[in-house]
Every structure is written in structure tokens, then in C-alpha cells.
Amino acid sequence: MAEAAAGGRSLWEDALRRLMGNKAAVAGLVVLGVLVVAALIGPYLLPFSYDAINKDDTWADPLTHGHLLGADPLGRDLLARLLVGLRVSLGVGIIATFVSLVIGVAWGATAGFIGGKLDEAMMRIVDVLYSLPYMFFVILLMTVFGRNLVLMFVAIGAVSWLTMARIVRGQTLALKQREFVEAARAAGLSQGAIIFRHIIPNLLGPVVVYVTLTIPGVIMAESFLSFLGLGVQEPLTSLGSLISIGNDEMDLSPWMLIFPCVVMVLTLGALNFIGDGLRDALDPKDR
Amino acid sequence: MIRFLFRRLLTAIPTLFLVVTAAFFMMRAAPGSPFDGQRRLAPEVERNVMAKYGLNKPLGEQYLTYVGGVLHGDFGPSLKYKDKTVLQMIGQGFPASLMIGGLAMALATVGGIFLGVVAALRRNRPADYAVMTFAILGICIPTFVTAPLLVLILASKLGLLPTAGWPIGGQSLTDAASYLVLPILVLGLPEMAVISRLTRSGMIEAMSSNYVRTARARGLPEHVIVLRHALRGAILPLVSYLGPAVAGIVTGSLIVEQMFQLPGIGRYFVTSALQRDYTVVMGVVILYAGLILVLNLIADLLYAALDPRVRLS
């Protein structure tokens, strides 16, 4: 606080400066930036479509037949499939995290702000859900309602909001003692308005940190389902389905396993490093 | 203590009830039926099959029958394997799952504590960095990446271990054990990474605590200080990690059992899910939810027993 006042810097400028000083986080940002750009525009630059079947190129080795990373058993270009798979995985990660963000913040802020019996009951529910093997529920959902991309976003998002709710509740409990909330109440704002206008904007720091750490978790969950054959449907693909196919083909064409694994690890690693970096940058404890 | 146990049971029982209810209604909401095969059944036959499994009764009655059955330890028949009950299928898979999961858990605990202690005692030196790098890798590389890569390197290319399978009778002990190495490694590594991190931070805190300083002032040898005094305090947080660790291993077993063709519950679960064998899927979900609830309860009790500062109220 004192530092911010002396330098005339806001919390966010300060955090950004600290984040840029963290080598691992910067490396993570660069890697993630490259991956995102590649996933977004890469597929349009390639001569092959991710679902174009080329009879003559089946199991093509990398750098043969014009395929930079080779081709799969149907002769589909691996690089094109990898970029589309990355796009799907990142997309699932962002959308499902958004679902978990909305539920978690609303739940945690309500419980923390209203407090008392309601808080007790709401957090008990979180505790209960916390102790369940949620992957099994997602699989049960996918079994029962069929493989559906939208449902998968919702299902994964709906089971990953618990930690978010806990973090938000803790922050809210601290925030509601502060003077500006008192002032808002004195000014006659309704409870809902106080929660949405004053509490939630101030929760941004910890929420941003946790969001960056939720995305890799969600990507893993989606790939987990795809690996088991319960994820996205062919010809669409995701990093998990590509690893799953690579797993079947590894004796003949190990690169079909290795390339998706590398992209997966790079993505998860980058996100984890950014998340850790943000936590260090925004956590006032270490100042 | 008794009151605490009672209170926790009061929340654990409704939780399990909730799980059973959610699983039941999800299953009934499913479009299609497990009897949709290649051939369409004649309407009379279908009616008979539905009647056999009680699927023609009102939903409420079916629900009560199912809950009553679960209370008596009866999870109903498998819908795909006509001559087996869900419980028989679970019983068939349990030994393999328990063996792999238990050994993975042992590896994760012993290995993780060892690495964590080494890292804490060599803080900010190469050994510490090596352990922490391993921990970060272990946490952000998922099992479905490590499993195929380890198979590719250790089994396919180097030929050190079998790629998949389960020991059958008549093999030498080392041959039989070689089937277990990769599954246990893949399952145990992520948990080992987390445990080594937890142990390291616990150990660093303990080594700077007053009781360790006292022990040192009394002139005790370093290994006694580390093993007898510091480690005891440092591994306390691990007890509350017991529940999540088991949940992680159980979830990982879905991948590992599928990947290595092990005859365990995880593989039946995935196969049943793909075949829409609802009763088996539900049975496994309920069983594992119950297992994790019980383990969390044990962890809480153990924590209180080990740490007199914790008051159970």
C-alpha cells in the first residue's frame, strides 16, 4: 500500500511490473501467445484442411508428402489437426472456466456477504461436493446425455466452481468490513447492488489468479474425457483425442503421440506458470 | 470425539443419499435405452424385458426400490451382462484396482516424503531445484500424457517392461511384477509431486520452529532432529491430503486401467459408460463417492488424534 502511494502506481500497474519481472511467467505468456495465435490463424495458412482425407498420404512421415508433421492413418494432415485440436481445447478451457467463474463468484459472494445460516448452508454444500470424485459425474453425464460439446462445457464448468466459491467467500468476508461498503449501505444501496457494484469488482485480483489456474485444469478434464473416447466427436478433434489416437498408433508412428503430447505439456505448463506468476504479483503478502 | 464423529456422519449420510438420488434421476433422464441393440426388439419382447428390470413401474416406485436395494447392498443387475449383478462386477474388478491403487499410493507417500525432506534440507541448492522441477512437471503433465510416453520409451523402444496386461499364473515373480511397474508409476507420480511439495513447505516451517531449536540446543544429533522432531510436525498436513490423493488415484485409474488393460473397476466403468450400462456406472459412482467420504472422515479423525492443538467441535 505504502509503496503504491509513494510511486503513484495503481495495484494493477504494480502487479504488471512484478509479473514482467518473473521470467517463468513471461516465458509462459510468450509460449501461450504463440500457441493462441497459431490455433486461431494457423489452420487458414495450411494447404490442408483438418478433415481432408488423403488416400495417398496415410501414415505419412513428418516432412514427406508436404505434411510438416506427417499425417494420420486417414492421411489427414497432423499439423492442421493439431492446431484445430488446440483451438478446441483452449475453447473448452475458456468457456468452461467462464461457467465456473459465474457460478463460483455468485455463490461465494452471496454466501460471504449475507453470512449467518445461509453462509453455513451454502459452504456445507461446497464441502460436500468437494469430497466427491467429480470426474465420475462428468462421465456419468456424458454417458447419459450423449457426447455433446455444449453439455461438456457446462458439465465441466459446473463441477469446477467449488474452489472459486471458497476463495470468493473468504475475500468477501474481509471486504464487507471495509468502510466503502459501509458507505454504500449508508447511501441506501440494496444488497444486490452492493454485491455487484462494490464487492465483485474488488474480488478481481484473486479471481484472475484462480481463473488462470482453472483453465489448465479444465483442459485436462476435457482431454481426459476425449482420451477415454467420451469427448468431442470425429472429425473434430482435441488435444486429448489426438493423444488417444497417437497412443494407438505409437508403434508405427510415434510422432503421432509425441507432437500432441508436446503441445499439451506446453499449453498446460504455460498456463500454470502464468497463474503462479500472477499469484506472486497480486498477493500483497510477499511485498 | 464421539460428538464430532456423529456430526460428520450426519453430513456424510445425506451426501451419499444425494449421490444415489442424483445418479438415479440422471440415469432415468437418459434418452434411449440400454436395450437398443442392432436389432429392434419386438414390442412384446421389449415390454417383457422392461418388466423384468422393473422399468415399467412408476418412477417414484422405481426410485424407492433402487434406494432400498442400495441400502441392502444390492445395486441391481448389470443391464449388459445378463447373468451378473453390479456388485459381482465390482467385486471382480476390485482386487486389481486395490492392488494398483494401494501400491501407487504407497509409492507417492514414501517417495514424496523422501523428496520433500531432501529438498527442504538442501533448500535453494541443486537438489531442491531438481525436486521442485519434478514437482511442477508432475503436477502439470497429466496421466494420459505420461502413460503413453512411458510405454513408448520404456516398453516399445527399450523393451524393458511389458506394454500392457496383467500377470496370469505360472510366471516368475519378477515377470509378474514387471506388469505392475508402469501402471503404478503413472498413477503414483502426480500424487508424489504434490506430496513432495507439501512435505517440503511443512519441513521448512518445522526446521525453523522453536521445538527444533530446542532439540538442537539439547545437542541431539541431526538425524534425530530431522526424523524424530521436524518430520513429525511436517507431515501433519499430509493427513488432510489423504482424501484428495485417493480421489486423484481413483480418477487416474480410469486412464491407467484402460491404457494397460488391467482387469480393474476403472476399466469396467469406462466400458460400461460407453455401452450405456447405467446400473454399473451408477454403482461405481456411488461406491467411490462412499469410499472418499469415509477416507475424508478417517483423515479428519487421524488429524485430530495426531495434533492435540486441533479441537474437534
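Quantities reported herein were computed from a predicted structural model and do not represent experimental measurements.

Please explain the overall build of chain A as it appears in this structure.
The helix and strand tally for chain A stands at 13 helices and zero strands. Ordering the α and β elements of chain A from the N terminus gives α-α-α-α-α-α-α-α-α-α-α-α-α. Considering chain A as a whole, with its 287 residues, one finds that 46% of them fall into the buried category. Here the contacts in chain A between residues at least 6 apart in sequence split such that 67% fall between residues at least 24 apart.

Just to check I follow, could you spell out the nonpolar core for this structure?
In a soluble, globular protein the nonpolar side chains are often hidden away together inside. Within the largest apolar cluster, 159 residues are counted, with the highest numbers of intra-cluster contacts made by Val138 of chain A together with Val285 of chain B. Here the element with the most residues in this core is helix H4 (residues 78–114) of chain A; it accounts for 16 residues. Filtering out sequence-adjacent residues up to four positions away, Val285 of chain B remains in contact with Phe136, Phe137 and Leu140 of chain A together with Val19 and Ala23 of chain B.

What am I meant to see in helix H6 (residues 143–157) of chain B here?
Given 3.6 residues per helical turn, the α-helix brings residues three or four places apart onto the same face. Along its 15 residues, H6 of chain B runs 20 Å from first to last C-alpha, staying within 8% of the 21 Å computed at 1.5 Å per residue. Along H6 of chain B, the helix axis deviates most sharply at Val151 of chain B, where the bend reaches about 30°. Along H6 of chain B, the residues classified as buried are Thr143, Phe144, Val145, Thr146, Ala147, Pro148, Leu149, Val151 and Leu152 of chain B. Those residues of H6 of chain B hidden inside the fold are in contact with helix H11 (204–227), helix H12 (239–249) and helix H13 (255–282) of chain A together with helix H7 (173–207) and helix H10 (236–259) of chain B. Backbone geometry just after H6 of chain B places Gly159 of chain B at a positive phi near 65°.

Would you take a moment to explain the packing of helix H8 (residues 162–175) of chain A against H11 of chain A for this structure?
Residue and element names in this part refer to chain A. Two elements in contact, H8 and H11, have axes whose closest approach is 10 Å; the angle formed by their N-to-C orientations is 165°. Classed by the angle they form, the pair H8 and H11 counts as roughly antiparallel. At the point where H8 passes H11, the crossing takes the right-handed sense. Mapping the contact onto sequence places Thr163, Met164, Ile167, Val168 and Gln171 in H8 and Pro206, Val207 and Tyr210 in H11. Looking at the contact of H8 with H11 residue by residue, the class counts come to six nonpolar, two polar and no charged.

Even after reading the chapter, I still don't get the interface of chain A and chain B, so can you show me in this structure?
Taken together, the contact pairs 36 residues of chain A with 36 residues of chain B. Where the side of chain A that touches chain B is concerned, the elements lending two or more residues are helix H5 (116–130), helix H6 (134–145), H11, H12 and H13 of chain A. A breakdown of the residues in the side of chain A that touches chain B according to their chemical character gives 25 nonpolar, nine polar and two charged.

Would you mind showing me how to read the environment of Tyr241 of chain B here?
Residue and element names in this part refer to chain B. Mapping Tyr241 onto the fold places it in helix H10. Judged by the 18 C-beta atoms lying within 10 Å of it, Tyr241 is partly exposed. Each C-alpha atom of the pair Tyr241 and Asn296 lies 8.8 Å from the other, and the pair is 55 residues apart in sequence. In contact with Tyr241, other than residues within four places in its own chain, are Ile195 and Leu198.

So what exactly am I meant to see when it comes to unusual backbone geometry here?
A negative phi angle is the norm for most residues apart from glycine, just as the trans form is the norm for most peptide bonds. Residue and element names in this part refer to chain B. Backbone geometry at Asn124 places phi at a positive 60°, although glycine is not the residue there. Along the chain, the position of Asn124 falls in the loop between helix H4 (86–121) and helix H5 (126–140). The class for Asn124 is exposed, based on 8 C-beta atoms found within 10 Å. For Gln261, which is not glycine, the phi dihedral falls at a positive 55°. Turning to its location among the elements, Gln261 is positioned in the loop between H10 and helix H11 (265–274).

Conventions adopted
Residues numbered from 1 in each chain as written. Chains lettered and ligands numbered in written order. Predicted model: local features only at pLDDT ≥ 70, side-chain atom pairs only at ≥ 80, totals over all residues. Helix = DSSP H or I, 4+ residues; strand = E, 2+ residues; numbered from the N terminus. Buried ≥ 20, exposed ≤ 12 C-beta atoms within 10 Å, placed from the backbone. Contact = placed C-beta atoms within 7 Å. Core = buried A, V, L, I, M, F, W, Y, C linked by C-beta atoms within 7 Å. Expected span 1.5 Å × (residues − 1). Bend = angle between axes of the 7 residues up to and from the residue. Axes fitted to C-alpha atoms, helices over the stretch in contact; angles between N-to-C directions. Parallel < 35°, antiparallel > 145°, perpendicular 65-115°, else oblique. Left-handed = near helix turned anticlockwise from the far one by under 90°. Nonpolar A, V, L, I, M, F, W, Y, C, P; charged D, E, K, R; others polar.

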